[in-house]
Amino acid sequence: MFAAERRQLIMEMVRANGAVSLRELARVVQTSEVTVRRDVRALEADGHLDRRHGGAVLPGGFSREPGYPQKTLLSPVEKSAIADLAATLVKDGDTIMVGAGTTTQELARRLARVPGLTVVTNSLLVAQALVHANRVEVVMTGGTLCGGTTLVGNDAEQVLHEMRATKAFLSGGGLTAERGLSTANMLCASVDRAMVESATEVIVLADHTKIGAHSMFPTVPTDTITRLVTDENAATHEVSAHELNALADYGVQVDLAPLGPSAQPLTQAIPPTQSRPIPLPAQRRSERAPGRRG
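The structure presented is a predicted model; accordingly, all values stated were derived computationally and were not measured.

### Remarks on the pattern of salt bridges
Tallying each qualifying case throughout the model produces eight salt bridges. A salt bridge links R51 to E44; the shortest N-O distance between them is 2.8 Å. Judged by its relative accessible area of 28%, E44 is partly exposed. Of the charged contacts in the structure, one is a salt bridge between K167 and D94, with a shortest N-O distance of 3.1 Å. Of this pair, K167 sits in strand β9 (residues 165-170) while D94 sits in the loop between α5 (76-87) and β4 (95-98), and the two are 73 residues apart along the sequence. A relative accessible area of 10% places D94 in the buried class.

This is the structure:
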């Protein structure tokens, strides 16, 4: 495929989905991530899209919310790893709230065997993932169906305000230390805020493509986020590594989920009580350089 054809296809994917990872772009255009990264840089220079660490978004800084079919294609390996790690944070007998999203749906699939668990959710996908879980009680918020998968509106928010939970697991379209968690849907943002107000701990699930990105509507301020579970790729990109350190400075516990079948969970990767920054890629190279001399 010629460069012009690749770049046209890349633009079409970004326009259709709002945000696409480099890995997914490389898979679709059947080339390497290095080549795709070069194409994305050229398209950004021409004003066709904006680069984000690990991917590309619509120009202007705010990504449009992709539909559910598109979301399921984005970062599936990372979402699975994040869900594996997040599931270890849920204990027998917990009452938790789980927001809408494909990453939270992955988490729900792993909670079916937690005895005595109560899951409060506004997501039909989360509820569906737990429909055959005999030991898990699922409480739906009610409300108005949005996008075919999510319940929103005053009824949903009122139910959440009347309940209490030990933890709320939320995802979104972007996460920065400055703005916190954000989403492209105003109604979903209101429901997420209601979950935050009713939970003791707020745990954000966001893959590395979301770290440093912005969506239109803020949902969770940084100083109310207890914990972030992201994938280990977030520590390998300069922009997202800076964001992770800034989030830790706000007191957010950052956990990096390892990728690969033999990897072990990296829990408490960046405790807020420690001031250990994540080494940036350039720093790692300079630190290793002396060992290669001689």
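### With respect to the pairing of strand β12 (residues 199-205)
Across the seven residues of β12, five count as buried, placing the element largely inside the fold. Alignment of β9 against β12, held across five bridges, turns out to be parallel. Opposite L170, over in β12, you have V204 as the bridge partner. Two strands pair when backbone bridges link them, and β12 and strand β14 (residues 227-231) are joined in this way by three bridges, in the parallel orientation. Pairing of V204 across the sheet is with L228, part of β14.

### Describing the sheet that holds strand β10 (residues 174-176)
Strands sit in the order β10-β11-β13 across an open sheet of three strands; the sheet is antiparallel. One side of each edge strand has no neighbouring strand; the edge strands of this open sheet are β10 and β13 (217-220). Strand-to-strand, the axes of this sheet are offset by a mean angle of 35 degrees, without reference to chain direction. When β10 meets strand β11 (residues 180-183), the two strands line up antiparallel, connected through three bridges. Paired with L175 across the two strands is L181, which belongs to β11.

### Here we look at the side chain of S198
Relative to the elements of secondary structure, S198 occurs in helix α9 (residues 186-198). Accessibility expressed as a relative area gives 3% for S198, which makes it buried. Polar side-chain contacts of S198 include one of 3.3 Å to the backbone oxygen of A194.

### A word on a nonpolar patch on the surface
Taken together, the side chains of L124, V138, M140 and L145 define a hydrophobic patch exposed on the protein surface, amounting to about 290 Å² of accessible area. Positionally, L124 belongs in helix α7 (residues 124-129).

### What about the nonpolar core?
By size, the foremost hydrophobic cluster in this structure holds 31 residues, and its most contacted members are L175, L228 and L244. Elements represented by at least two residues in this core include exactly α8 (154-161), β9, α9, β12, α10 (238-249) and β15 (253-257). Per element, the largest residue contribution to this core is five residues, and it comes from α9. In terms of nonpolar packing, the next biggest core, distinct from the first, is built from 26 residues, V126, A133, F169 and I203 among them.

About the cut-offs
Residues numbered from 1 in each chain as written. Predicted model: local features only at pLDDT ≥ 70, side-chain atom pairs only at ≥ 80, totals over all residues. Heavy atoms only, no water. Salt bridge = Lys/Arg side-chain N within 4 Å of Asp/Glu carboxyl O. Buried < 20%, exposed > 50% of the residue type's maximum accessible area, 1.4 Å probe, protein only. Helix = DSSP H or I, 4+ residues; strand = E, 2+ residues; numbered from the N terminus. Pairing = 2+ DSSP bridges. Axes fitted to C-alpha atoms, helices over the stretch in contact; angles between N-to-C directions. Polar contact = N/O pair within 3.5 Å; in protein donor to acceptor, adjacent residues only side chain to side chain. Patch = residues over 30% accessible without salt bridge, like charges linked within 9 Å, V, L, I, M, F, W, Y side chains within 5 Å. Areas by Shrake-Rupley, 256 points an atom, 1.4 Å probe, with all protein chains shown as cover. Core = buried A, V, L, I, M, F, W, Y, C linked by side-chain atoms within 4.5 Å.

Coordinates in, geometry out; function isn't part of it.
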